[in-house]
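Tertiary structure, described
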Amino acid sequence: MTLAEVFEKVTHGETVPVEFAAYDGSRAGSSDADVRIEIRSPYAVSYLVRSPGLLGLARAYVAGHIEVYGDMYTTLSRLSRTLSGLTVTDRLKVLASVADDPLLRAAAATRMPPPSVEVRGAGRLRRHSKKRDAKAISHHYDVSNTFYAWVLGPSMAYTCALYPTLETTLEEAQSAKFDLVARKLGLEPGMRLLDIGCGWGGMVMHAAREYGVRALGVTLSKQQAEWAQKAIAEAGLSGLAEVRHLDYRDVPEAGFDAVSSIGLTEHIGQANIPGYFQFLHRKLKPGGRLLNHCITRPDNTQESIRPDGFINRYVFPDGELEGPGFLLTQMNDQGFEIRHEENLREHYAMTLRDWCRNLDAHWDDAVAEVGSETARVWRLYMAGCRLGFEQNMVQLHQILGVKLPASKESGMPLRAAWGI
């Protein structure tokens, strides 16, 4: 079996329009396909047989031993059977297939180091301690503000957008998301908003500019905070909006009218979720509202963290995803009356579609800015996540809760009319 045929077999690509080509001249699959997977080095075999699940294929791609020509999302969609994971039996079949080739046999016997951008543990630091969380956030967010601007567009919003129509642009959809959060929180002039995990300050600036709210945002990313502080000043919003480089657990103020948490819960950790909601409950005035917006598992039966997964090792170190039922229960048990919940899964798939397009449009510049390995991580991660949301492997939930006052009056309208 040729090397191209080996990779065709292991990725279940025999019956889909994908071409496989290898450095040794071998070819397999559909010669007229608009997607081509090229095995550039015999060491791709080493990654394949020595790594758990799909991690080997990911490592080989990030390190440049495999190249994908054509759209990455299309490639993953066509090879979606592989996303169920590569078993030990699959890897043994690869070894048997290359046994007669001395070069491939030697390559398979070589233990290749992971790509340099792979997270290699956190030493003695306790998971989700403040110091370890700061390192994890810095790994992902302190990449390059220029790179993020190319991928995210002018909004600099790195969370699920909201698409009122199929024709809505990414920038319009991000504005619609911030406005939906503002309306769910019932923001009005003079109110005080705490936005935790504020990113580049999009929600903070929207609340200040559109609703006259005094908004405080906090982020563990130094580069995000610096960018946001500059953007706030340039927008003339310094009198209302502020972003600090700070762990949300160290915010000294309390008595907020509203709290928004957009894309932070994924970094909290299952064991810390009760304390997280308890902390936010204490930060609110009686009658105040919390809007929690985060990625979840589809249910509560799956493990929250997958240490050997590609995303944990390359994208979100220590990231944990809970089921929506777990989050609802914990939020409720920490004193919030749940008033509304919705799943925006399809909207996140569309958001990722637009981010992928942006990265492709700036590919050469992105590689020059952050390096080939980091750019490849992003190309693979965003295309894979888009597929994950489309196939209901992950979801995006917004949960709205109220800290009831002694009177038990929620302050909510009789019927919510947020719409889109």
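Given the structure is predicted, the values throughout are model-derived calculations rather than measurements. (Residues numbered from 1 in each chain as written. Predicted model: local features only at pLDDT ≥ 70, side-chain atom pairs only at ≥ 80, totals over all residues. Heavy atoms only, no water.)

As for the sheet that holds strand β2 (residues 27-29)
Strand order in this open sheet of four strands is β2-β1-β3-β4, and the pairing throughout is mixed. In this open sheet, the two strands that pair with only one neighbour each are β2 and β4 (66-69). Taken pair by pair, the neighbouring strands of this sheet meet at an average axis angle of 20°, ignoring direction. Where strand β1 (residues 19-22) and strand β3 (residues 36-39) come together, four bridges link them in parallel fashion. Among the inter-strand pairings, F20 is bridged to a residue of β3, identified as I37. Sitting on the sheet, helix α1 (residues 3-10) touches β1, β2, β3 and β4, and the angle it makes with β1 is about 140°. (Pairing = 2+ DSSP bridges. Helix = DSSP H or I, 4+ residues; strand = E, 2+ residues; numbered from the N terminus. Axes fitted to C-alpha atoms, helices over the stretch in contact; angles between N-to-C directions. Contact = heavy atoms within 4.5 Å.)

Some thoughts on a nonpolar patch on the surface
Residues V88, L92 and L95 make up a contiguous nonpolar surface patch of about 270 Å² in total accessible area. Its place among the elements puts L92 in helix α5 (residues 88-98). With a relative accessible area of 51%, L92 lands in the exposed category. (Patch = residues over 30% accessible without salt bridge, like charges linked within 9 Å, V, L, I, M, F, W, Y side chains within 5 Å. Areas by Shrake-Rupley, 256 points an atom, 1.4 Å probe, with all protein chains shown as cover. Salt bridge = Lys/Arg side-chain N within 4 Å of Asp/Glu carboxyl O. Buried < 20%, exposed > 50% of the residue type's maximum accessible area, 1.4 Å probe, protein only.)

Re the sheet that holds strand β11 (residues 395-403)
Sheets are built from strands paired through backbone hydrogen bonds, the pairs being either parallel or antiparallel. A sheet is described by the order of its strands in space; here seven strands give the open sequence β7-β6-β5-β8-β9-β11-β10, paired in mixed fashion. Across the chains shown, the open sheet's two edge strands, defined by having one partner strand only, are β7 (241-245) and β10 (336-343). Here the strands of the sheet are splayed against their neighbours by 15° on average, with no regard to which way each runs. Each of β5 (192-196), β8 (256-262), β9 (284-296), β10 and β11 touches helix α9 (residues 170-185); the most contacted strand, β9, lies at about 145° to it.

Quick look at the pattern of salt bridges
As enumerated under the stated definition, the model contains 26 salt bridges in all. A salt bridge links R27 to E19, with the nearest nitrogen and oxygen atoms 2.6 Å apart. On the basis of relative accessibility, which here comes to 52%, the residue R27 falls in the exposed class. Among the residues examined, E19 registers a relative accessible area of 9% and is labelled buried. Between R379 and E67 there is a salt bridge; the shortest N-O distance is 3.8 Å. Residue R379 is located in helix α17 (residues 372-390), and its partner E67 is located in strand β4; the two are separated by 312 residues in the primary sequence. Exposure class is identical for R379 and E67. Each is buried. In this structure, a network of salt bridges that share partners links the residues R36, E38, R40, E67, R376 and R379.

Focus on helix α10 (residues 202-211)
Since the α-helix advances by 3.6 residues per turn, residues separated by three or four positions end up pointing in the same direction. The element α10 is extensively covered by neighbouring structure, given that eight of its ten residues are classed as buried. Three or more residues of α10 are buried, namely G202, M203, V204, M205, H206, A207, A208 and Y211. Structurally, α10 contributes buried residues whose contacts are with α9, β5, β6 (214-219), α11 (222-234), β7 and β8. Once α10 finishes, G212 follows within two positions and takes phi at roughly 65°, a positive value.

Observations regarding the nonpolar core
Counting residues in hydrophobic clusters, the biggest one holds 84 residues, and the most contacted among them are Y158, L187 and W378. Element by element, the count of residues in this core is highest for α17, at ten residues. By size, the runner-up hydrophobic cluster in this structure holds 27 residues, among which are L3, V16, F20 and V94. (Core = buried A, V, L, I, M, F, W, Y, C linked by side-chain atoms within 4.5 Å.)

Overview of the pairing of β7
Strand residues, when the strand is regular, have side chains that alternate between the two faces of the sheet. Examined bridge by bridge, β6 and β7 share five bridges and lie parallel to one another. When the bridges of β7 are listed, T219 appears paired with H245. This β-α-β element, β6 to α11 to β7, shows right-handed connectivity. (Right-handed = clockwise from strand over helix to strand, strands pointing away.)

Let's talk about the packing of aromatic side chains
With the rule as written, the count across this model stands at 15 aromatic pairs. Relative to F279, the ring of Y248 has its centre 5.5 Å away and its plane inclined at 80°; by these criteria the two rings are edge-to-face. Highlighted residues: Y248 in the loop between β7 and β8 and F279 in helix α12 (residues 273-283), separated in sequence by 31 residues. The same class applies to Y248 and to F279, which are both buried. Seen in terms of ring centroids, F310 and Y314 are 5.1 Å apart; in terms of plane orientation they differ by 25°. Their pairing is stacked. With a gap of four residues between them, F310 and Y314 both fall in helix α13 (residues 310-314), about one helical turn apart. Pairwise contacts between aromatic rings join F147, Y148, Y158, W200, F316, Y348, W355, W378, Y381 and F389 into one cluster. If you follow R36 out to its NZ or CZ, it ends over the ring of Y69, 4.3 Å from the centre. In this arrangement the basic side chain of R192 is found over the ring face of F256, its NZ or CZ atom lying 4.3 Å from the centre. (Phe/Tyr/Trp six-rings, centres within 6.5 Å; stacked < 30°, edge-to-face > 60°. Lys NZ or Arg CZ within 6 Å of the ring centre and 35° of its normal.)

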